[in-house]
Amino acid sequence: MDRRKLLRIWFILLAVFSFTGCEREGHIARVDFNDTVEIEDLRVSEMPEINICVGSMITPKEGYAYYKALLSYIGNKLKMKVNFIEKESYAEVNFLLEEGKIDAAFVCGGPYIDGHDKFALELLVAPQVDGKTVYYSYIIVHKDSSIDKFAELKGKTFVFVDPLSNSGKYYPTYLLQQMGESAETFFKEYNYSYAHDTSIRAVAEEIVDAAAVDSLIWNYMEKNNSTVAKATRIINVSLPYGIPPIVVRPGLKKDLKDKLKRILLDMHLDSRGKEILKKMGIEKFVEIGDSNYNSIREIREYLGK
């Protein structure tokens, strides 16, 4: 079996067990309402419902439990049953938001722009991390690699996150186009991992020479003493991009939208909410404007996306 097939199998196996931070194409949009989060009220079956999708996480896959805790917190504050919906594809998430089958979602900046421009998807709030509401694309290599610049990856193996990922695909593609290159002409081999932490692990285990990953995921792992992150180092950092936000579908009732926003904005002010945010590496949620995502629009326009 050739190396390309081995790489593909390796990434498929890892991605099956990874909660992706960016979207995968080609899946049929379906909603499973069977996964609900814990609500303290015993009459939960009689409660109104809200459908919330976690399509993007700013923590690696072990942070899945923290997102369930966050949605449980929201449900208890709203006094509503929360259906926790997972989707691998942002195309799916945006379709379901447009159709009104999802009320709110955690998404990346690129899909937010698509939804905003196509069907008036609305920003609700955004996480603040280290005092900022931005993130970066990191190009990483193994810590013992002799490679120090992106240009030195010529003829090497590389892993993107997803064809629609800003940090995991658009930014490195931008670097390639600036050099008059493409993934096909520049890299010896390349593949897709469909999860930022999977890409980091691929570099750490020297399965590939380099990867493009979300700074929030890499920083979270590094701060939490991940041996995987510490086995890699950063050789290139992008310009800042608007941080992955929480969005709501157009047409969501104003009173519900306002309540949800208030709960998130005030979450850091009570002990339970503050503890959940701390575990997620978030200081607090803040209001954010559409213009914060213009840097993503610019790179997409440059690439003709």
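Our subject is the structure that appears above.
**Overview of the sheet that holds strand S9 (residues 210-214)**
Okay, step 1: A sheet is described by the order of its strands in space; here five strands give the open sequence S8-S7-S9-S6-S10, paired in mixed fashion. Each end of this open sheet is capped by a strand with a single partner; those strands are strand S8 (189-192) and strand S10 (232-237). In this sheet, neighbouring strand axes are inclined to one another by 30° on average, regardless of whether the strands run parallel or antiparallel.
Okay, step 2: Bridging between strand S6 (residues 137-142) and S9 involves five bridges; their strand directions are antiparallel.

**Quick notes on the side chain of Thr 173**
Okay, step 1: Relative to the elements of secondary structure, Thr 173 occurs in helix H5 (residues 166-178).
Okay, step 2: Setting aside its immediate chain neighbours within four residues, Thr 173 contacts Phe 160 and Leu 303.

**Here we look at empty space enclosed by the protein**
Okay, step 1: Throughout the structure, instances matching the rule amount to two cavities of 30 Å³ or more.
Okay, step 2: Residue lining of the second largest cavity: Ile 52, Ile 74, Ala 104, Phe 106, Ile 246, Leu 260 and Leu 264, and that is the complete set.
Okay, step 3: Of the residues assigned to the lining of the second largest cavity, the class counts are seven nonpolar, no polar and no charged.

**Re the pairing of strand S7 (residues 157-160)**
Okay, step 1: By the alternation rule, side chains of S7 split into Thr 157 and Val 159 and Phe 158 and Phe 160, which are all buried.
Okay, step 2: Here S7 runs beside S8; their pairing, made up of four bridges, is parallel. Counterpart to Phe 160 in the pairing with S8 is Tyr 192.

**Quick notes on helix H2 (residues 64-78)**
Okay, step 1: Along its 15 residues, H2 runs 21 Å from first to last C-alpha, staying within 8% of the 21 Å computed at 1.5 Å per residue.
Okay, step 2: For H2, the set of buried residues is Tyr 67, Leu 70, Leu 71, Ser 72, Tyr 73, Ile 74, Gly 75, Asn 76 and Leu 78.
Okay, step 3: Looking at the buried side of H2, the elements it contacts are strand S1 (49-54), strand S2 (81-86), strand S3 (104-106), helix H10 (254-265), helix H11 (271-280) and strand S13 (284-286).

**Regarding the environment of Glu 184**
Okay, step 1: Relative to the elements of secondary structure, Glu 184 occurs in helix H6 (residues 183-186).
Okay, step 2: A polar contact of 2.5 Å, which involves the side chain of Glu 184, links it to the side chain of Tyr 190.

**Focus: the nonpolar core**
Okay, step 1: Counting 45 residues, the largest nonpolar core has Ile 139, Phe 150, Leu 153, Phe 158, Phe 187 and Tyr 293 as the members making the most contacts within it.
Okay, step 2: Residues in contact with Ile 139, not counting those within four places in the same chain, are Phe 150, Leu 153, Phe 158, Tyr 171, Pro 172, Leu 175, Ala 211, Ala 212, Arg 233, Ile 234, Ile 235 and Asn 236.
Okay, step 3: The next biggest cluster of nonpolar side chains, apart from the first, holds 30 residues, and it includes Val 54, Met 80, Ala 104 and Val 248.

**Some points on helix H12 (residues 294-302)**
Okay, step 1: Those residues of H12 that fall on the buried side of the exposure criterion are Ile 296, Arg 297, Ile 299 and Arg 300. Each buried residue of H12 sits inside an arc of 165° when the element is viewed along its axis, so together they form one side. Facing away from the buried side of H12 by more than 90 degrees, the exposed set consists of Glu 298 and Glu 301.
Okay, step 2: Those residues of H12 that are buried lie in contact with helix H4 (109-119), H5 and strand S11 (241-242).
Okay, step 3: Just downstream of H12, Gly 304 is the residue with a positive phi angle, here 75°.

**Regarding the pattern of salt bridges**
Okay, step 1: Counted by the stated rule, this structure contains 15 salt bridges.
Okay, step 2: For Glu 122, the salt bridge identified is with Lys 257, shortest N-O distance 2.8 Å. With Glu 122 in strand S4 (residues 122-128) and Lys 257 in helix H10, this pair connects stretches of sequence that are 135 residues apart.
Okay, step 3: In this structure Glu 122 comes out as partly exposed when scored by relative accessible area, which is 26%.
Okay, step 4: Because the salt bridges share partners, they merge into one network encompassing Asp 117, Asp 290 and Arg 297.

**So, the sheet that holds S4**
Okay, step 1: Read across the open sheet, the six strands follow the order S2-S1-S3-S12-S4-S13; overall the sheet is mixed. Since the sheet does not close on itself, it has two edges, and those belong to S2 and S13, each with one partner. Put simply, the sheet's adjacent strands are angled 25° from each other on average, direction ignored.
Okay, step 2: Bridging between S1 and S3 involves three bridges; their strand directions are parallel. Within S3, the position partnered with Cys 53 by the bridge is Ala 105.

Criteria and thresholds
Residues numbered from 1 in each chain as written. Predicted model: local features only at pLDDT ≥ 70, side-chain atom pairs only at ≥ 80, totals over all residues. Heavy atoms only, no water. Pairing = 2+ DSSP bridges. Helix = DSSP H or I, 4+ residues; strand = E, 2+ residues; numbered from the N terminus. Axes fitted to C-alpha atoms, helices over the stretch in contact; angles between N-to-C directions. Contact = heavy atoms within 4.5 Å. 1 Å grid on protein atoms, 1.4 Å probe; cavity = no way out; pocket = protein on both sides within 12 Å on 5 of 7 lines; lining within 4 Å. Points joined across faces, edges and corners; volume = space filled by probe spheres on them. Nonpolar A, V, L, I, M, F, W, Y, C, P; charged D, E, K, R; others polar. Buried < 20%, exposed > 50% of the residue type's maximum accessible area, 1.4 Å probe, protein only. Expected span 1.5 Å × (residues − 1). Polar contact = N/O pair within 3.5 Å; in protein donor to acceptor, adjacent residues only side chain to side chain. Core = buried A, V, L, I, M, F, W, Y, C linked by side-chain atoms within 4.5 Å. Arc of directions from axis to C-beta. Salt bridge = Lys/Arg side-chain N within 4 Å of Asp/Glu carboxyl O.

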